[in-house]
Amino acid sequence: MRAQADRAFLWMPVAYGLGAAVYLGLKSEPPLWPPIWAATLAAVVAAAANRWSPWRGLAIMAALAAVMACGFAGARLRTELAAAPIAPAHLGVVPVEGFVVDVANPSDHGARLLIAPVSVGGLAPEQVPKRVRLVVPADDVLGPGAPIRVLALVDPPPGPAAPGAYDFARDAWFEGIGGVGLAMKPPTVIDLAPPPWPLRMVMAINAVRWSLAERLAGDMQRIMGPDDGGAAGLAVTVTTSHEDWLDGQSRDDLRGSGLAHMLAIAGLHTAAVSGFVFFALRLGVAAWPWLALRVSGKKVAALGGLVAVAIYLVLSGAHPPARRAAITASVAFIAILFDRRAISLHSLSIAALLILLIQPEVVVSPGFEMSFCATASLVALAELWPIRPRAVGLPWALAAIQRARDWTLAMLAVSFVAGTATGPFAIQHFNRVANYGVFANLTADFLASVVLMPAVAVAALGELVGVSSSLLSGPLWIAGWAAKGIVGLAHFFAKAPGAAFTIPSAPTIALALSYVGIVFACLWRGRLRWIGVPMAAAVALWPRPAPPVAWIAADGDDAAIVVQGQEIALKPDKRAYATGLWAQRRGFSLPADATTAQKAAFDCDRKQCAPINHTEPALAAWWTIRAPKPEQIDSLCSGAQILIIRANIAPPPACAKALVLGPSDFANGGSAEIFRDPKGWRVDWAQPVRGQRPWTIIQ
């Protein structure tokens, strides 16, 4: 314990994040004053212990307790500051008038526009959401800054697709998105009063980003040809974060090969761009003897790196992963300016604490968990890595072989350690383990860092300042082939035999143990740190309980069952995302032809579904809100073990032996999972897991 005293600061972001995580995990909204009083009391104890106690550990523990209480209070305050109107449930199809703030990443059904609405249907001004995200056809995209009117089906942000699954509504709350929907008609440009200047500035920046994305994609496709193997799409994505030019197959291959981080501008991209600028400036200063004698080339390069980080952050859209990477890189460059180590656990802790102070909610987001655990594990690896003195007088050939050996071993260790540190979160959140992820990252990350990002940086800068596309052919050609190579590697590793396997999510306690284990192994000094290694494997090794046998959507308008480990959706042509997410989270396989599998197990039409061929579990459904005729409901009940009724009726005596779920159940509980139980059936609802929080509107 005494050996950890000088590393106490490293545990401050851990304590702050723990307090924020406790707040976010509560089932009801707590008052603000208890954590404030707790932080004050702990701070007083820390000060007193530091003054009078001979045991320094007491002061450190009290100080960390104060920081933890501050994390709880900070997350509570952040929730208050993020409060904004949310679209009411069942709003329906309404006209939306407002400004296009940005073009968000596309969905499977079309492009997405992020809109700052001026009016939404018949809502009063104080009820209009701050932001609304709408899906529009890809051919009807209007760029940022356009004043538009669109007829759209608008709903509040949806809750989890299944109990305990990803809660989009919580993220939407902190991002200010109060409504999502689908455009029923193409948007049209209209006249609106000028918006406030902060919004105008944001739209102007996003308009530059969108224009750069269009020019970059067009010029690269001109050089690479129309069949560019995803090169233009990936190059635009890593430059502006717009994925609209990246085809779905390339996206799936990147995710399936363990290269999904290529799609979110974060640490790899920011480090590559700012590192390229840093080393180019340092080389330039060193090459000019007059200047090299008068200024510190390292500090000039660090200032240039800071400028590059700021510019790239703006061009990328300043999304949460990019903000985290920018803060981390900025702390490293500032450390150089103050003659400190650029890369250390101390600087990483400062970056993590700054991010948590600004956005405490990210402590439970996969991006934050994976990026900081990976970075911390690599810095800890650097602390342990043996540094051997170089041999003197070796022939250059032998020296080159030794250096190549050392670099190869180091790169393999980096890929393995980073992959191991992010593995628990990949399993828990994405339920997929890429078996060749180490080799995919070893090759693709090297290609991206050394070739793609520097070439894209030069090409993007040229596009911004108006350089002729013919003069940019060289950087565009290099970037295009590098991007094509990365997509090709992703396809190779994603389609290789045994490329990946799925693992169902573990209980939350297992993720918490893995999280603590990784952090402990990275931050603790001494041999005791190795206790964290088996703890980090908790997500992979934790026994999974018996899986559910059926799933029902939050509004009761869709369902799925499991037969011999394979999911069968009752409406295979709808809500593919929700049913696919449930299958992924529980480790179920999907049939090769979902429609054929459904027809073999159910007799369905627009109004109802009934099990056939001795389907088990025998789930039946009445889909419409109109009351069925007595003979219809009796027929459904006669062969059903589980019955879904969306009509507001009392179940007849014929349904006495079936588990009947009606409109009031879904209104109160949201989505549901059904488990076999010795006494019958057990239903787990999503809403009790979420609790009563500001973002948990019951659909």
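1. As for the overall build of the protein chain
Helix and strand content of the protein chain: 24 helices and 18 strands. Since a compact globule built from 699 residues should have a radius of gyration of about 27 Å, the 28 Å found for the protein chain is in line with a globular shape. Of all intrachain contacts in the protein chain linking residues separated by at least 6 positions in sequence, the fraction that spans at least 24 positions is 67%. Of the accessible surface of the protein chain, which amounts to about 34000 Å², a share of 66% is contributed by carbon and sulfur atoms. Averaging the locations of the 56 positively and 45 negatively charged side chains of the protein chain gives two centres separated by 11 Å.

2. What about empty space enclosed by the protein?
Scanning all chains against the criterion turns up 1 cavity of 30 Å³ or more. The volume enclosed by the largest cavity comes to roughly 100 Å³. Around the largest cavity, the lining is made up of 16 residues, and of these I86, P157, W173, I177 and G178 lie nearest the centre. The set of elements that each furnish at least two residues to the lining of the largest cavity consists of helix 4 (168–175) and strand 5 (177–183). Top element by residues in the lining of the largest cavity is helix 4. It accounts for 3 residues.

3. A word on the side chain of E567
Along the chain, the position of E567 falls in strand 11 (residues 566–569). As a buried residue without a salt bridge, E567 has its nearest oppositely charged side chain in R586, at a separation of 10.0 Å. When neighbours within four sequence positions are excluded, E567 is seen to be in contact with A560, I561, T579, G580, W582, A583, F588, S589, L590 and P591.

4. Considerations on the sheet that holds strand 12 (residues 602–604)
Read from one edge to the other, the open sheet built from 5 strands follows the order 12-13-14-15-16, with strand pairing classed as mixed. On the outer flanks of this sheet lie strand 12 and strand 16 (659–661), each paired with one strand and no other. Here the average twist between neighbouring strands, direction ignored, is 15°. Sheet topology note: the strand 12/strand 13 (residues 608–611) ladder contains 3 bridges and is antiparallel. Pairing of C604 across the sheet is with C609, part of strand 13.

5. Some details on helix 8 (residues 267–286)
The end-to-end C-alpha separation of helix 8 is 27 Å, in line with the 28 Å expected for 20 residues at 1.5 Å each. Burial in helix 8 covers these residues: H269, T270, A272, V273, S274, G275, F278 and V285. On its buried side, helix 8 packs onto helix 6 (231–240), helix 9 (289–292), helix 10 (297–315), helix 11 (320–337) and helix 15 (437–465).

6. Quick look at the pattern of salt bridges
Here the structure, examined in full by the defined rule, presents 19 salt bridges. When the shortest N-O distance is used, the salt bridge between R690 and D167 registers 2.9 Å. On the criterion of sequence distance, the pair formed by R690 in helix 24 (residues 686–690) and D167 in the loop between strand 4 (147–155) and helix 4 is long-range, its members being 523 residues apart. Considered together, R690 and D167 belong to a single accessibility category, that of buried residues. With a shortest N-O distance of 2.8 Å, D557 and K571 are connected by a salt bridge.

7. Remarks on helix 5 (residues 197–224)
Its 28 residues place the ends of helix 5 40 Å apart at the C-alpha level, agreeing with the 40 Å of an ideal helix rising 1.5 Å per residue. Just beyond helix 5, the residue with positive phi is G225, at close to 95°.

8. Examining a positive patch on the surface
There is a patch of like positive charges on the surface, built from R606, K607, R626 and K629. Taking the relative accessible area as the measure of exposure, R606 reaches 66% and is therefore exposed.

9. Some thoughts on the packing of aromatic side chains
Applying the stated criterion across every chain, the model contains 16 aromatic pairs. Between Y23 and F72, the ring centres sit 5.6 Å apart and the planes meet at 80°, which makes this aromatic pair edge-to-face. You can see Y23 sitting in helix 1 (residues 12–24) and its partner F72 sitting in helix 3 (residues 56–81), a full 49 residues away along the chain. The residues Y23 and F72 share a single accessibility class, namely buried. Look at F174 and W695: their rings are 5.6 Å apart centre to centre, the planes differ by 45°, and that puts the pair in the tilted class. Of the two residues, F174 is situated in helix 4 and W695 in the segment after helix 24; the sequence distance between them amounts to 521 residues. Owing to a relative accessible area of 8%, F174 belongs among the buried residues under this scheme.

What counts as what
- Residues numbered from 1 in each chain as written.
- Predicted model: local features only at pLDDT ≥ 70, side-chain atom pairs only at ≥ 80, totals over all residues.
- Heavy atoms only, no water.
- Helix = DSSP H or I, 4+ residues; strand = E, 2+ residues; numbered from the N terminus.
- Rg over C-alpha atoms; globule rule 2.2 N^0.38 Å.
- Contact = heavy atoms within 4.5 Å.
- Areas by Shrake-Rupley, 256 points an atom, 1.4 Å probe, with all protein chains shown as cover.
- Lys, Arg positive; Asp, Glu negative; His and termini not counted.
- Charge placed at Lys NZ, Arg CZ, Asp CG, Glu CD.
- 1 Å grid on protein atoms, 1.4 Å probe; cavity = no way out; pocket = protein on both sides within 12 Å on 5 of 7 lines; lining within 4 Å.
- Points joined across faces, edges and corners; volume = space filled by probe spheres on them.
- Buried < 20%, exposed > 50% of the residue type's maximum accessible area, 1.4 Å probe, protein only.
- Salt bridge = Lys/Arg side-chain N within 4 Å of Asp/Glu carboxyl O.
- Pairing = 2+ DSSP bridges.
- Axes fitted to C-alpha atoms, helices over the stretch in contact; angles between N-to-C directions.
- Expected span 1.5 Å × (residues − 1).
- Patch = residues over 30% accessible without salt bridge, like charges linked within 9 Å, V, L, I, M, F, W, Y side chains within 5 Å.
- Phe/Tyr/Trp six-rings, centres within 6.5 Å; stacked < 30°, edge-to-face > 60°.

Everything listed here is a matter of geometry and, on its own, says nothing about what the molecule does.
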